[in-house]
Amino acid sequence: QKEVEQNSGPLSVPEGAIASLNCTYSDRGSQSFFWYRQYSGKSPELIMFIYSNGDKEDGRFTAQLNKASQYVSLLIRDSQPSDSATYLCAVNLNTDKLIFGTGTRLQVFP
Amino acid sequence: GAVVSQHPSWVICKSGTSVKIECRSLDFQATTMFWYRQFPKQSLMLMATSNEGSKATYEQGVEKDKFLINHASLTLSTLTVTSAHPEDSSFYICSAATGTGNTDTQYFGPGTRLTVL
């Protein structure tokens, strides 16, 4: 089992809809969780991080963490074509290293 | 805040030559920097973790004598690809984190695209 798993997609949503991106992780000792966005040919950029169970909102983005289910998700409200990118989930396994999922490709069509 | 730069942004070199890539944290001190490699349509692969003033920790399968890492100051780490070959062609990305521990956030540089002819 991979340490951090994501559906590779593509996830296609219409403009204005909510995009839901999911990530599961295998290590119950994981402490912190990150979502990065990566446009084709570019490096990842941080969207948000979450440490505690529950929801964390930042603008159109909401991260949800459920440690009991070992599940973290990212919701993007009012999706825009400019949100089309690969979204990387990353988990810190109680060290200074991040373990990345393979990413979910999101396509927002007009 | 939390800006990380890389130089050069792209480089083309002949097989057998060495290439140095610089990674700088511009507005914060990074006690830990990370070097990743990403091949087309694949995810990030961590190559090594670099702490200021100490030797880098390489991931399994990464040749430390081929990929030389120096973290001479709290704002600068360098990756030197020695005797580069076409299979080393890839997108090299650094990231920087403040302090140590499991809650630090990594901020990525813009990446360096290396093409070895």
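Here we summarise the structure given alongside this text. For every chain, the first residue of its written sequence is number 1, and the numbers climb from 1 along that sequence. The lettering of chains begins at A and the numbering of ligands begins at 1, in the order of writing. pLDDT decides what is reported in this predicted model: residues at 70 or higher carry local features, side-chain atom pairs at 80 or more are listed and counted, and totals for whole chains, interfaces and linings draw on all residues regardless. Excluding hydrogens and water, the side-chain figures rest on all heavy atoms present in the structure.

All names here are of chain B. Under the DSSP-based scheme used, a helix requires at least four consecutive residues in state H or I and a strand at least two consecutive residues in state E, with every element numbered from the N terminus. Locating Ala56 in the fold gives a position in the loop between β5 (45–51) and β6 (57–58). Exposed residues in this analysis have more than 50% of their type's maximum accessible area, buried residues have under 20%, and partly exposed residues fall in between, with area computed by a 1.4 Å probe over protein chains only. Using a relative accessible area of 17% as the deciding quantity, one classes Ala56 as buried. Residue contacts for Ala56: discarding those within four places in its chain leaves Thr49, Ser50 and Ile69. Here, residues are in contact when the closest pair of their heavy atoms is within 4.5 Å.

Backbone hydrogen bonds are what pair the strands of a sheet, in a parallel or an antiparallel way. Residues and elements named next belong to chain B. One requirement defines pairing of two strands: DSSP has to find at least two bridges between them. Spatial strand order, β1-β3-β8-β7: four strands in an open sheet with antiparallel pairing. Both edges of this open sheet fall to β1 (4–7) and β7 (67–73), since each of them pairs with a single strand only. On average, adjacent strands in this sheet sit at an angle of 15 degrees to one another, irrespective of strand direction. Looking at chain direction, β1 and strand β3 (residues 19–25) are connected through four bridges and run antiparallel. Bridge pairing in β3 places His7 opposite Glu22. Only the stretch in contact is used when a helix axis is fitted, and all axes are lines through C-alpha atoms; the angle between N-to-C directions ranges over 0 to 180 degrees.

Another aspect to go through is the side chain of Thr80(B). Examined against the element boundaries, Thr80(B) turns out to sit in strand β8 (residues 76–81). Judged by its relative accessible area of 16%, Thr80(B) is buried.

Contacts between the two partners involve 23 residues from chain B, matched on the other side by 22 residues from chain A. Residue Lys97(A) is joined to Glu59(B) by a salt bridge in which the shortest nitrogen-to-oxygen separation is 3.1 Å. If you list the elements that add at least two residues to the side of chain B that touches chain A, you get β4 (32–38), β5, β9 (90–97) and β10 (107–108) of chain B. Each residue is assigned to one of three groups, with Ala, Val, Leu, Ile, Met, Phe, Trp, Tyr, Cys and Pro labelled nonpolar, Asp, Glu, Lys and Arg labelled charged, and all others, Gly among them, labelled polar. In terms of residue class, the side of chain B that touches chain A is built from nine nonpolar, eleven polar and three charged. Put simply, a salt bridge is a Lys or Arg side-chain nitrogen that is within 4 Å of an Asp or Glu carboxyl oxygen.

Here we take up the pairing of strand β9 (residues 85–92) of chain A. Residue and element names in this part refer to chain A. Of all eight residues making up β9, seven are buried, and the element is well covered by its neighbours. Alignment of strand β4 (residues 32–38) against β9, held across seven bridges, turns out to be antiparallel. Looking at β9, one finds that Ser32 is bridged to Asn92. Strand direction decides the pairing type here: β9 and strand β11 (residues 104–109), joined by three bridges, are antiparallel. Residue pairing across strands places Ala85 opposite Leu106, the latter belonging to β11. As paired elements, β9 and strand β10 (residues 98–100) share three bridges and run antiparallel to each other. Counterpart to Asn92 in the pairing with β10 is Leu98.

Now for the sheet that holds strand β1 (residues 4–5) of chain A. Residue and element names in this part refer to chain A. The antiparallel open sheet is built from five strands, whose spatial order is β1-β3-β8-β7-β6. Every interior strand has two partners, whereas the edge strands, β1 and β6 (54–58), have only one. Relative to strand β7 (residues 61–66), β6 is paired through five bridges, and the arrangement is antiparallel. When the sheet's bridge partners are listed, Asp55 is paired in β7 with Gln64.

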